[in-house]
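What the coordinates show
So the chains spell out like this:
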Amino acid sequence: MKLMNLLKRIYWVLSAQFGLDPLKTFNSLRGLPRYVRDLLYFRMKYSGRLELTPCLFDWYEEGGATKNEYFWQDLLVAQDIFKRSPKTHADIGSRIDGFVAHISCFRDLDVFDIRDMQSVIPGVRFRQLDAMCEKSVSAYLRKNMLRYDSLSCLHALEHFGLGRYGDTVNPLGYRRGIENLSKFLEHGGRLYLSVPIGRERVEFNANWVFNPGTILEAASAAGLNLYELTVLDQQG
């Protein structure tokens, strides 16, 4: 088990951080004979202009990525927000090409992120803001006289304080984040929060993995109460 976890970590570093994906390379080489065979057959039947753009590893992948926790969290939270239909909704740091896209299909929302966003998406109002900085959050909310009855922060809190996205390095960054998330909510508002859970540790500078009790304690200290807990494994 330890060897398998080590291999998975090495694979992630090679593929996600250095752009070297051994599995895709293997499948591309495996698909090359089939590509050549199909190309020769197609060329015999087709006399028009033909440009070569090989896609060699797609034969060996599923039709879509539905087994990871990102897919299911985005879907489940979006469905619940659609069902509840809150007056206002804001998001902090969730995936634009997943969860935010889901929400923008049926309602307007404000999206906050420490990084700049130049894209213009109908129904989405981008705001650049460091959610770990109490002064910035309080000043923004006070200036705009804002509070939200619905707020989401999906797979973002675990990055706070690790410097990965330009934030200040702070071992208590996640606690500062939870405190500031509570400031966005009006009384009785609902926060949708997701983080990786397991044996508590820091995988620097990628993310925290939390003991659920750590999040519950920090949330309680910020005046938040647990309404519901859902656990997703990597098989969905």
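Residues numbered from 1 in each chain as written. Predicted model: local features only at pLDDT ≥ 70, side-chain atom pairs only at ≥ 80, totals over all residues. Heavy atoms only, no water.

Moving on, we get to the overall build of the chain. The helix and strand tally for the chain stands at 7 helices and 7 strands. The principal-axis extent of the C-alpha atoms belonging to the chain is close to 70 × 45 × 30 Å. In the chain, 60% of the contacts between residues at least 6 apart in sequence involve partners at least 24 apart. Charge-centre separation for the chain: the mean point of 30 positive side chains lies 2 Å from the mean point of 27 negative side chains. (Helix = DSSP H or I, 4+ residues; strand = E, 2+ residues; numbered from the N terminus. Contact = heavy atoms within 4.5 Å. Lys, Arg positive; Asp, Glu negative; His and termini not counted. Charge placed at Lys NZ, Arg CZ, Asp CG, Glu CD.)

Before going further, it helps to spend a moment on the side chain of Asp 21. By the secondary structure assignment, Asp 21 is in the loop between helix H1 (2-18) and helix H2 (22-45). For the buried Asp 21, no salt bridge exists, and the shortest N-O distance to an oppositely charged side chain is 4.6 Å, to Lys 24. Within the structure, the side chain of Asp 21 is placed 2.8 Å from the side chain of Tyr 11, a separation counted as a polar contact. For Asp 21, the contacting residues outside a window of four places in its chain are Tyr 11 and Ser 15. (Buried < 20%, exposed > 50% of the residue type's maximum accessible area, 1.4 Å probe, protein only. Salt bridge = Lys/Arg side-chain N within 4 Å of Asp/Glu carboxyl O. Polar contact = N/O pair within 3.5 Å; in protein donor to acceptor, adjacent residues only side chain to side chain.)

What follows concerns the sheet that holds strand S5 (residues 185-194). Read across the sheet, 5 strands follow the order S3-S2-S1-S4-S5 without closing on themselves; strand pairing throughout is parallel. Looking at which strands have only one partner, the edges of the open sheet turn out to be strand S3 (124-128) and S5. Here the average twist between neighbouring strands, direction ignored, is 20 degrees. Here strand S2 (residues 109-113) pairs with S3 via 5 bridges, running parallel. If you follow Asp 110 over to S3, its bridge partner there is Arg 125. Lying over the sheet, helix H3 (residues 69-84) contacts strand S4 (148-154) and S5, oriented at roughly 155 degrees with respect to S5. (Pairing = 2+ DSSP bridges. Axes fitted to C-alpha atoms, helices over the stretch in contact; angles between N-to-C directions.)

Let us look at H3. End to end, H3 covers 22 Å across 16 residues, agreeing with the expected 22 Å (1.5 Å per residue, within 8%). Looking at the buried side of H3, the elements it contacts are helix H4 (96-104), S4 and S5. A positive phi of about 50 degrees marks Ser 85, the residue just after H3. (Expected span 1.5 Å × (residues − 1).)

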